[in-house]
Amino acid sequence: MSTGVIIALIVVGIVVVAAAGIFAARTASQGGPGLKRRFGPEYDRAVARHDGDTKAAEQELTERVKQHGSLREQPLEPAARERYLTRWAEAQERFVESPADAVVEADQLLADLAKERGFPDGAGYDEQFAALSVHHGPHVHGYHRVHHAAHTRPGSAEESRAGTEELRTAMVEARALFDVLLGTERTARRTHDTGTAAAARTDADTAEPHKQSRGGLKGRLAKGN
């Protein structure tokens, strides 16, 4: 075996080892703690969906990253931002008289906003949600709840009362993703704690229409009564 061949084999071996190391490092950063940090509560939902099989859940989430990780969000024009803010305010006001219709509007609003920011079309909810979870994992739980509520109708009067509370909570939690998709530095900071501050503000916003339009409904959205 010539010296040239030996050198070539050594170089190839070094390249293979280096490539294996890079692959292992990337895999490690995506798995376990890395996935938990990236996906937040969505990580736990994935584990629950796989009946506690962490390996299967992490495989699913890793596939999401591979498929949607390279997506680049598009900027949102100021006029569009104001339009979405107006639509959200209108949905909150509608909640006073028709919670179900308000949640349907919030679901559609989030789908439209995500599409405008460069995510897949909301007509394919599963794909859009998967992409959103890769980039805004800590904030997507509210969107999941709103979408589920928008496609579920309560039956009995008791279920209706419980359902109204579910709709209210869904609206509150969905505000976190709505804010972060608006793309401003201020809202990004405000929603960093996975929506707690956004939820508090939404409660205050939704309490006002009750005061103005129906005394008997005063504070239902704010206090959950």
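Residues numbered from 1 in each chain as written. Predicted model: local features only at pLDDT ≥ 70, side-chain atom pairs only at ≥ 80, totals over all residues. Heavy atoms only, no water.

**Student:** Could you give an account of the pattern of salt bridges, with specific residues and numbers?
**Tutor:** Applying the stated criterion across every chain, the model contains 14 salt bridges. Among the salt bridges present, the one from Lys-66 reaches Glu-63, with a minimum N-O distance of 3.8 Å. With Lys-66 and Glu-63 both in helix α4 (residues 54–68) and three residues apart, this pair spans about one turn of that helix. Assessed through its relative accessible area of 58%, Lys-66 is described here as exposed. Ionic pairing is found between Arg-87 and Asp-112, a salt bridge with its closest N-O pair at 3.3 Å. Taken as a pair, Arg-87 in helix α5 (residues 78–95) and Asp-112 in helix α6 (residues 99–116) lie far apart in primary sequence, 25 residues in all. By relative accessible area, Asp-112 is classed as partly exposed at 26%. Salt bridges linked by common partners bring Glu-42, Arg-45, Arg-49, Glu-60 and Arg-64 together as one network. (Salt bridge = Lys/Arg side-chain N within 4 Å of Asp/Glu carboxyl O. Helix = DSSP H or I, 4+ residues; strand = E, 2+ residues; numbered from the N terminus. Buried < 20%, exposed > 50% of the residue type's maximum accessible area, 1.4 Å probe, protein only.)

**Student:** Talk me through the nonpolar core; I want residue IDs and the actual numbers.
**Tutor:** The biggest cluster of nonpolar side chains holds 34 residues, and the ones touching the most others in it are Tyr-84, Val-103, Leu-132, Tyr-143 and Phe-178. Contributions of two or more residues to this core are made by α5, α6, α7 (125–136), α8 (141–150) and α9 (157–182). The element contributing the most residues to this core is α9, with nine residues. Excluding residues that lie within four positions of it along the chain, Phe-178 makes contacts with Tyr-84, Leu-85, Trp-88, Leu-109, Leu-110 and Leu-113. (Core = buried A, V, L, I, M, F, W, Y, C linked by side-chain atoms within 4.5 Å. Contact = heavy atoms within 4.5 Å.)

**Student:** How would you summarise the environment of Gln-74 if you had to cite specific residues and measurements?
**Tutor:** Within the secondary structure, Gln-74 sits in the loop between α4 and α5. Considering only alpha carbons, one finds Gln-74 and Lys-115, 41 residues apart in sequence, at a separation of 9.3 Å. The residues touching Gln-74, leaving out its near neighbours within four places in the chain, are Glu-116, Arg-117 and Gly-118.

**Student:** Go over the environment of Val-104, please, and point to the residues and values.
**Tutor:** In this fold, Val-104 is placed in helix α6. Of the residues examined, Val-104 reaches a relative accessible area of 32% and is grouped as partly exposed. Residues Val-104 and Ala-91, 13 residues apart in the sequence, show an inter-C-alpha distance of 8.9 Å.

**Student:** For the packing of helix α3 (residues 41–49) against α4, give the residues involved together with the corresponding values.
**Tutor:** Where α3 contacts α4, the axes come no closer than 8 Å and their chain directions differ by 125°. The angle between α3 and α4 places the two elements in the oblique class. Relative to α4, the crossing made by α3 is right-handed. On the side of α3, the interface is formed by Glu-42, Tyr-43, Ala-46, Val-47 and Arg-49, while α4 contributes Thr-54, Ala-57, Glu-58, Glu-60, Leu-61 and Arg-64. (Axes fitted to C-alpha atoms, helices over the stretch in contact; angles between N-to-C directions. Parallel < 35°, antiparallel > 145°, perpendicular 65-115°, else oblique. Left-handed = near helix turned anticlockwise from the far one by under 90°.)

**Student:** Tell me about the confidence of the model for the chain, residues and numbers included.
**Tutor:** Considering every residue of the chain, the mean pLDDT works out to 76; 63% of them sit at 70 or more. Contacts for the low-pLDDT stretch residues 11–30, under 50 throughout, to residues beyond four places or in other chains number five contacts. Within the model, the stretch residues 185–225 combines pLDDT values under 50 with 57 contacts to residues more than four positions away or in other chains. (pLDDT = per-residue confidence, 0-100.)

**Student:** Got a sec to walk through α3? Specific residues and values, please.
**Tutor:** Here α3 has its buried residues at Glu-42, Tyr-43, Arg-45, Ala-46 and Val-47. On its buried face, α3 is in contact with α2 (33–39), α4, α7 and α8. After α3 finishes, the residue Asp-51 shows a positive phi value of roughly 55°.

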